[in-house]
Amino acid sequence: MSQLKYENNILRFENIDIDEIAKTHQTPFYCYSKNMLTNNFNNFNNVFLDLNYKICFSLKSNSNLTLLRILASLGAGADVVSEWEFKKAIEAGIPAEKIVFSGIGKNENEIRYAIANNCFQINVESLAELKKINQIAKDLGKVQNIGIRINPDVQSDTHEKITTGSLENKFGISVNETLDIFNRINEFSSLSITSIAFHIGSNIKDLNPFKHSFEVAKHLIDKIQLNYETLKTIDVGGGISPEDRNFTFEDYYNLLITYFGKDKFNFIFEPGRLIAADAGILVSKVLYNKITEGKKFIIIDAGMNDMMRPALYDAEHEILTSKLNNSDHNIETEIVGPICETSDKFIKTDKFANIEDGDYVVIKNVGAYGSTMSSNYNARPFIEELLIDKEEIQIIRKKQSFGDFIKNEL
Ligand code: LLP
């Protein structure tokens, strides 16, 4: 259940008025609900309890250390794609035995770091990378667990910029090449190829693309297992949408065991958005109402550098006013940021509540791919991040200072 709701026309997050928080913290800021994050993780986790599995939270969606510590305490592992994500996971208390290192372009240092630090599994996306990892593992005198990330060549009905599972995308190794790799497995003496991995895209609302990828993987695994028995883990990636899905977690679970059974394999899940998205909001202040030629712009103090999903993917994030106001204005309205770019807009609507300069708005569902994708564009600082835990507000990332911003420039 959402922790964001109106009570007596006042918008509250958990049990605190948005206006109250905004009075003591400079906007714009991200604010997360510990309750939501915890519930999201537990609701997903509870479905798989009778399997052997790890839930490796995808740090690219949100890598705030406090949030990671909460997830670590609930038993989460991590899906990381860079050395610093790896380090953040460890720093937050996620053990290396629960870390999967993914990504198509890991460099030598990153691979060395992961192997030296006992990374549970490295997912590989090309033959060239496989050879490189084998060499580095040999140098280090170690045998590294490997997942082959296959490209199951399925279309997932999501935004073209976040689909990954078709052969047109750069990700994964084709089924045929994967079979070739298993045929020459003896060349990789410092690797233990234990897993088939896939991830077909993000924000997927329909079960069918998952079904197709399970089908492809099952078919491939059956072939491989004819003469290669150490394959024991299936990494199904992330991608489940938190909202407007036409399937439940139980449907997903049933599909999984229909193809792979309960006992034969270990599973890895890599959810990101599902766990973090609705646990976070972005609070911003209205700077100006500007009416021109029958059109209204509401200029807020958050910009595309703080949250770039609308500018990059035309993503629509609902925006609420901190006070419920029924006197809607029937005029074409755009809610825009202060950045010098036309694409710096959050939403376009024919109707938005009358709102005064200085009032606050809340952009919903930004706990995933909000803060992690923010930038310093227009020399704007990384903004403050807060966590609400029941009645308590905690600063979990300070706003970047000007000193920090310029300190590495010579
Ligand atoms: N595993 C792998 C290998 C991934 O590439 C991703 C996301 C995930 C797991 C987590 O996916 P999720 O459960 O969050 O859908 N910036 C985009 C999303 C990019 C997703 C990239 N990969 C957005 O804001 O929509």
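Asks: How would you explain the overall build of the protein chain if you had to name every residue and give the values?
Replies: Along its length, the protein chain carries twelve helices and 22 strands. A compact globule built from 410 residues would reach a C-alpha radius of gyration of about 22 Å, and the protein chain, at 23 Å, matches this within 12%. Along the longest, intermediate and shortest principal axes, the C-alpha atoms of the protein chain span 70 × 50 × 40 Å. Relative to all contacts within the protein chain whose residues are 6 or more apart in sequence, the contacts with residues 24 or more apart total 70%. Averaging the locations of the 45 positively and 57 negatively charged side chains of the protein chain gives two centres separated by 4 Å.

Asks: Which residues make up the packing of helix H7 (residues 175-183) against helix H8 (residues 208-225), and what values do they have?
Replies: For any two helices packed against each other, the geometry is given by the interaxial angle and the distance between the axes. Running from amino to carboxyl end, H7 crosses H8 at an angle of 20°, the nearest separation of the two axes being 11 Å. Compared by their axis directions, H7 and H8 come out roughly parallel. Handedness of the H7/H8 crossing: right-handed. Taking contact as the criterion, the partners of Val175, Thr178, Leu179 and Phe182 in H7 are, on H8, Val216, Leu220, Lys223 and Ile224.

Asks: Hey, could you go over the site of the ligand for me, with residue numbers and the actual values?
Replies: The environment of the ligand is formed by 18 residues, the closest being Ser202, Glu270, Arg309, Tyr313 and Tyr369. In this structure, Gly239 approaches the ligand through a main-chain N or O atom, which is 2.9 Å from an oxygen atom. A distance of 2.8 Å separates an oxygen atom of the ligand from a polar atom in the backbone of Arg273. Classifying every residue of the shell around the ligand gives five nonpolar, seven polar and six charged. In this structure, the shell around the ligand is formed jointly by two domains, domain 1 (4-33 + 277-406) and domain 2 (34-276), each of which donates at least three residues.

Definitions and cut-offs
- Residues numbered from 1 in each chain as written.
- Predicted model: local features only at pLDDT ≥ 70, side-chain atom pairs only at ≥ 80, totals over all residues.
- Heavy atoms only, no water.
- Helix = DSSP H or I, 4+ residues; strand = E, 2+ residues; numbered from the N terminus.
- Rg over C-alpha atoms; globule rule 2.2 N^0.38 Å.
- Contact = heavy atoms within 4.5 Å.
- Lys, Arg positive; Asp, Glu negative; His and termini not counted.
- Charge placed at Lys NZ, Arg CZ, Asp CG, Glu CD.
- Axes fitted to C-alpha atoms, helices over the stretch in contact; angles between N-to-C directions.
- Parallel < 35°, antiparallel > 145°, perpendicular 65-115°, else oblique.
- Left-handed = near helix turned anticlockwise from the far one by under 90°.
- Near = heavy atom within 4 Å.
- Polar contact = N/O pair within 3.5 Å; in protein donor to acceptor, adjacent residues only side chain to side chain.
- Nonpolar A, V, L, I, M, F, W, Y, C, P; charged D, E, K, R; others polar.
- Domains from an automatic or database assignment.

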